[in-house]
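These are the residues of each chain, in order.
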Amino acid sequence: LGIGRAIVLYTRGVHVVAIDWERTAWEKLADLLAMILFLSWAYETVACAWPLRTHIFPARLGTVLVDFTLLKVAGAVVVLTGLLIFALALWAFAESWRIGIDRQTPGALMTLGIFAWTRNPIYIALDLIVFGTFLVSGRATFLAIALGLVGLLHYQIRREEKYLGGAYGDAYRDYCE
């Protein structure tokens with residue numbers, strides 16, 4: 001969904017990936033770690049689904065912690081819910097969707113659609129998708145990735161909230177209420 005939307009926006013002259021040049025060293029490290037964890041999740045998902053012999057993490061993290069059919073079904077529902085929320089967020093964002101903080105061309109403040117229910121639908125979607133993947137697979141690898149990503153995504157949310165408060169002022173504060 002994200003790659004497809006990014007391509008559509010790029011053909012319209014919108015650069016989705018925004019590099020925040022005002023990041024601190026810690027923020028750069030957090031962004032790098034989040035990207036590594038997300039790409040690791042993507043690779044491990046494919047590696048477990050097909051199954052590939054090569055995994056990124058040590059074999060003991062591939063240990064299955066839980067293996068109940070009901071949890072697998074619940075995990076699939078959680079992943080699908082996350083995908084639906086992600087799609088709704090991309091639709092509501094329209095031309096304003098960015099990956100990262102775009103200080104140059106930030107776009108409009110989103111307050112309608114799914115943003116009327118939550119300020120962070122994409123982060124909620126990503127949390128649901130990675131935790132749902134753990135429930136489906138039951139593997140320690142996916143639990144570790146999910147826990148790491150949730151912490152890093154929460155840190156990104158805090159950074160964005162600080163930026164949005166400064167960029168949109170009272171409009172953002174009113175929206176938060």
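Residues numbered from 1 in each chain as written. Predicted model: local features only at pLDDT ≥ 70, side-chain atom pairs only at ≥ 80, totals over all residues. Heavy atoms only, no water.

(A) Quick peek at unusual backbone geometry. Notably, Ala94 is not glycine yet its phi reads approximately 55 degrees, a positive angle. Locating Ala94 in the fold gives a position in the loop between helix H3 (69-93) and helix H4 (121-137). (Helix = DSSP H or I, 4+ residues; strand = E, 2+ residues; numbered from the N terminus.)

(B) Geometry of the packing of H4 against helix H5 (residues 140-168). Where H4 meets H5, the closest approach of the two axes is 9 Å, and the angle between their N-to-C directions is 175 degrees. With respect to H5, the element H4 is oriented roughly antiparallel. Across from Tyr123, Leu126, Asp127, Val130, Phe131, Thr133, Phe134 and Ser137 in H4, the residues of H5 making contact are Phe142, Leu143, Ala146, Leu147, Leu149, Val150, Leu153, Gln156, Ile157 and Glu160. Class assignment for the residues of the contact of H4 with H5 results in 13 nonpolar, three polar and two charged. (Axes fitted to C-alpha atoms, helices over the stretch in contact; angles between N-to-C directions. Parallel < 35°, antiparallel > 145°, perpendicular 65-115°, else oblique. Contact = heavy atoms within 4.5 Å. Nonpolar A, V, L, I, M, F, W, Y, C, P; charged D, E, K, R; others polar.)

(C) Broad picture of the side chain of Glu161. Structurally, Glu161 is set in helix H5. On the accessibility criterion, Glu161 (18% relative accessible area) is buried. In this structure, Glu161 is in contact with Arg119, Asn120 and Tyr172, ignoring residues within four places of it in sequence. (Buried < 20%, exposed > 50% of the residue type's maximum accessible area, 1.4 Å probe, protein only.)

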